[in-house]
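Analysis of the macromolecular model
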Amino acid sequence: MWKTIVKKELLENILSYRFPLFGLIAMVLIPLGMYVSQLDYAKRVRDYDEQVRLAAESASSLSIQDVMAGTVSIKGFRRPAPLSVYTRGFEGTLPRYYEFTQEGIKPGESSSGEESILSVQGKVDFVFLVQMVLSLIALLFASDVIAGEKEAGTLRAMLSNRVPRDAILSGKVAGGYAALWAPFAGAFLVGLLLLVLRGFPVFGADTPAKILVVFLSSSVFLLAYFTLGTMISASSSKTRTALVAILLIWTFFQLIMPKLSDMVAALVYPVRTETQVSLEKSLLAGSLGMDTARERGRQYDLIFGSAPKGAADDEASPERKRWDAVKAGIEQSAKERKTQQLGAIDETYRQQKRRQQDLAVNLSLISPSAAFARLVADVCGTGELERTKYGEAVQAHARTLDGALFSKVKRTLMIHAGGGTSLGFSAESIDFKALPQFTIAPSSLADVFKANWKSLLSLLFWLVVPFAAAYVRFINYDVR
Amino acid sequence: MTDLQPILKADDLSKRYEDGILALDHLNLQVQPGEVYCLLGANGAGKTTTINLFLNFIPPTTGTCFINGIDVTKDPLEAKKYVAFVSENVMLYGNFTARQNLDFFAKLGGKTALAKNDYYQVMRRVSLQEKAFDQRVKNFSKGMRQKLGISIAIIKDAPAVLLDEPTAGLDPKAATEFLEIMAELKNEGKAILMSTHDIFRAKEIGDRVGIMKEGRLVMERTRQELQYEDLVKIYIDYMKSEPLSIS
């Protein structure tokens, strides 16, 4: 009986005008979106390779004098995420590189600077199409699942037979969804084939598994919207009423809720920008450096003020030995103070930012669309997980470079109490060709699922609750 | 006929809707195998509500419906095995052909092993034109749809048939053809309950005729009794009479 209903629903959809229309839309837009994204990705990879090559050349031509002069700037580039062909996510807004200097870290420009104003609406990539176009089509497909049969009277005819209502509902959802899913799956495969033909690294590492997760997430997302539409349809007596409700709900979930959540979070927990924090850290580092220089000058004057001439240059003199010990103490204490105070700024910023982001995420997850976008962006390496990993990689690289490069040259600035400054250098040898490379640890699927359990829960909620609500409405529906 | 077990039986059946309207008030009726029972009445008299209750489309407020001895409220799915339904505007899937519609509803009715020819045979029986068998239903006239609706009822081969104003909007020829088919079904032993506004055809086909007013069965006559009475006059007299006091 259930199979009969599924088959009927599928056949009815296939015979209607909307099936070929949707098939055409999916078959044109999805492969086209993937093709355009792949071209864009290939261009970004070429740019990345070129910039990395230039940066490596620039680094190998550095000398110890450049380090002493404080003019060294090492760039760490982020490699474009291959699966950004499915969703750009933060790909356009993340800095393409970070600059590592003795003064600290500076973010480079993002690739969004090259994009047109229209890209503010979102790139027409696969996730955009699923989120904005296919979700609406899923709702429209579902709009008349129950209401259409009520309106046409065919529901009376069906229910006059020995068919359980739950079999009717589940059969109609299964058949209706299959009619939506089949062209979608076909278009996805065509898009994938296109990527393979274009030489996209589809079969690298965990890429196939991630592509499969993208496909399954999209299928679940569309099913969630289909069941949502079914719920509305089961609650409406007319398809037109269902359509109006569907458009309102779609607008809320797609356009309002995701944006509103970021705005609300920013209002509830205002956070300074990264540039402001970076500036504050630079100022603090400068101020601490000056304090240290003053302390060095004061101690130097105290030790060598009444010492015999030449004591400062005589490594065996008791004053020089004392000075070396005091200087090491000052530098150790300055380093600790700097680490602690700059770390405190970073930690405060991170906490504030995390609190704001947590609130935004939690609010946005009311929308299945946001849950889907967050999950897929993380799978594709263009989401919040990647942003966090990028930030962590930048901090780790800064520490590594500090040990391998910047700390090899010690600049000893002294400001004397009686006026005047003096600058001394001590340097260890540096192999500029063997400087550590900037890398970001890729996120595994386990990392993605761990970071996205709320998104998964939200999708599950939107899968189960609307169906349960539709079930209750339909079981209790009085046929008149 | 009265010695037989009724296929359709309404036992003290009442229905009050959520808005407080009493649509059906303590209805008692029985339809025996091979009997046609016609329910007459104005709009809102309770005819369709009676059919809806037999089909368990709505739950009764009090009373019980039985189909083939099965309590419809207690075991609706089992009860529906024994009943076929034809509505006023036969509702079909417009994008399906006549045969596809017949196939779908036949399967819902439990007939899963029918061949193409079986469908054609039934459609021929109701005089549906051959060329229409594999045409999409959306272009069918009301008469053609009604014939297909009856085909669906015939193919289910249930002992009871419920018809909700089946001749409304049919031209005289189509209505006559329809009554001929009803007569055939009656001769096959089906119990037929038909709600209608059509007094003339009710008198022609009905073994018993009941008049409903404001949810009550206010009159019932057998075919024999109606030979000596004017059904039109009785009907009009009841319709003109004072409203019933319904609490």
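Residues numbered from 1 in each chain as written. Chains lettered and ligands numbered in written order. Predicted model: local features only at pLDDT ≥ 70, side-chain atom pairs only at ≥ 80, totals over all residues.

Digging into the overall build of chain A
- Within chain A, the regular secondary structure consists of 15 helices and five strands.
- Here chain A has a C-alpha radius of gyration of 31 Å; the compact-globule value for 480 residues is 23 Å, and the former is much larger.
- Its C-alpha atoms put chain A at 115 × 45 × 35 Å along the principal axes.
- Looking at the 480 residues of chain A, the share that counts as buried comes to 34%.
- In chain A, the share of contacts with a sequence separation of at least 24, taken over all contacts with a separation of at least 6, comes to 80%. (Helix = DSSP H or I, 4+ residues; strand = E, 2+ residues; numbered from the N terminus. Rg over C-alpha atoms; globule rule 2.2 N^0.38 Å. Buried ≥ 20, exposed ≤ 12 C-beta atoms within 10 Å, placed from the backbone. Contact = placed C-beta atoms within 7 Å.)

Structural notes on the overall build of chain B
- The secondary structure content of chain B amounts to nine helices and 10 strands.
- Taking 247 residues into account, the globule formula puts the C-alpha radius of gyration at 18 Å, and chain B, at 18 Å, falls close to it.
- Once the C-alpha set of chain B is aligned to its principal axes, its extents read approximately 55 × 40 × 40 Å.
- Burial statistics for chain B: of 247 residues in total, 47% are counted as buried.
- Sequence separation of 24 or more characterises 70% of the internal contacts of chain B that already satisfy a separation of 6 or more.

Re the interface of chain A and chain B
- Chain A puts 21 residues into the contact, and the matching count from chain B is 20 residues.
- Of all the secondary-structure elements, those providing two or more residues to the side of chain A that touches chain B are helix 1 (2–15) and helix 6 (154–159) of chain A.
- When residues of the side of chain A that touches chain B are assigned to their parent elements, the largest contribution, five residues, is made by helix 6 of chain A.
- Residue composition of the side of chain A that touches chain B, by class: nine nonpolar, six polar and six charged. (Nonpolar A, V, L, I, M, F, W, Y, C, P; charged D, E, K, R; others polar.)

As for the sheet that holds strand 4 (residues 62–67) of chain B
All names here are of chain B.
- Taken in spatial order, the four strands make up an open sheet running 2-1-4-5, and their pairing is antiparallel. Edge positions in the sheet fall to strand 2 (22–31) and strand 5 (70–71), since each of these pairs with one other strand and no more.
- Each of strand 1 (8–16), strand 2 and strand 4 is contacted by helix 1 (residues 47–54), which is oriented at about 115° to strand 1, the strand it contacts most. (Pairing = 2+ DSSP bridges. Axes fitted to C-alpha atoms, helices over the stretch in contact; angles between N-to-C directions.)

Topic: the environment of B:S141
- For B:S141, the location among the structural elements is in the loop between helix 4 (116–125) and helix 5 (142–156).
- Between the C-alpha atoms of B:S141 and B:F178, which are 37 residues apart in sequence, the distance is 14 Å.

What about the confidence of the model for chain B?
All names here are of chain B.
- Across chain B, the average pLDDT comes to 86, with 96% of residues at or above 70.
- Here helix 9 (residues 231–240) stands out as the least confident element of chain B, with mean pLDDT 77; strand 4 is the most confident, with 93.
- For this predicted complex, the interface score ipTM comes out at 0.88, alongside a pTM of 0.83. (pLDDT = per-residue confidence, 0-100.)

Some words on the packing of helix 3 (residues 98–108) of chain B against helix 4 of chain B
Residue and element names in this part refer to chain B.
- Two elements in contact, helix 3 and helix 4, have axes whose closest approach is 10 Å; the angle formed by their N-to-C orientations is 105°. In this view, helix 3 runs roughly perpendicular relative to helix 4, as classed from their interaxial angle. Along the contact surface, helix 3 presents A98, R99, L102 and D103, while helix 4 presents K116, Y119, V122 and M123.
- Across the contact of helix 3 with helix 4, the residue classes break down as five nonpolar, no polar and three charged. (Parallel < 35°, antiparallel > 145°, perpendicular 65-115°, else oblique.)

Structural notes on the domain arrangement of chain B
Residue and element names in this part refer to chain B.
- As far as domains go, chain B holds domain 1 (1–82 + 159–247) and domain 2 (93–157).
- One C-alpha centre belongs to domain 1, the other to domain 2, and the line joining them spans 25 Å.
- Residue-level contacts link 10 residues of domain 1 with eight residues of domain 2.
- Sort the elements by how many residues they give to the side of domain 1 that touches domain 2 and helix 6 (residues 172–187) lands first, with four residues.
- Considering only residue class, the side of domain 1 that touches domain 2 consists of six nonpolar, one polar and three charged. (Domains from an automatic or database assignment.)

Focus: helix 10 (residues 274–304) of chain A
Residues and elements named next belong to chain A.
- Between its terminal C-alpha atoms helix 10 stretches 44 Å, which fits the 45 Å expected from 31 residues at 1.5 Å a residue.
- Within helix 10, burial applies to K281, T292, A293, R296, G297, Y300 and I303.
- Buried residues in helix 10 make contact with strand 3 (104–107), helix 11 (318–364) and strand 4 (409–415). (Expected span 1.5 Å × (residues − 1).)

Section: the environment of B:D103
Residue and element names in this part refer to chain B.
- Following the sequence through the fold, D103 ends up in helix 3.
- Residue classification places D103 among the buried positions, given that 22 C-beta atoms sit within 10 Å.
- For the pair D103 and K116, spaced 13 residues apart in sequence, the C-alpha to C-alpha distance is 8.7 Å.

Some words on the sheet that holds strand 9 (residues 208–213) of chain B
Residues and elements named next belong to chain B.
- Taking strand neighbours across the sheet as the criterion, the six strands line up as 6-7-8-3-9-10 in an open arrangement whose pairing is mixed. Of all the strands in the sheet, the pair left with one neighbour each is strand 6 (83–86) and strand 10 (216–222). Sheet twist, expressed as the mean angle between neighbouring strand axes with direction ignored, is 15°.
- Packed on one face of the sheet, helix 6 meets strand 3 (36–41), strand 7 (160–164) and strand 8 (191–196) and runs near 150° to strand 8.
- Its contacts with the sheet put helix 9 on strand 3, strand 9 and strand 10, and the angle it makes with strand 9 is roughly 15°.

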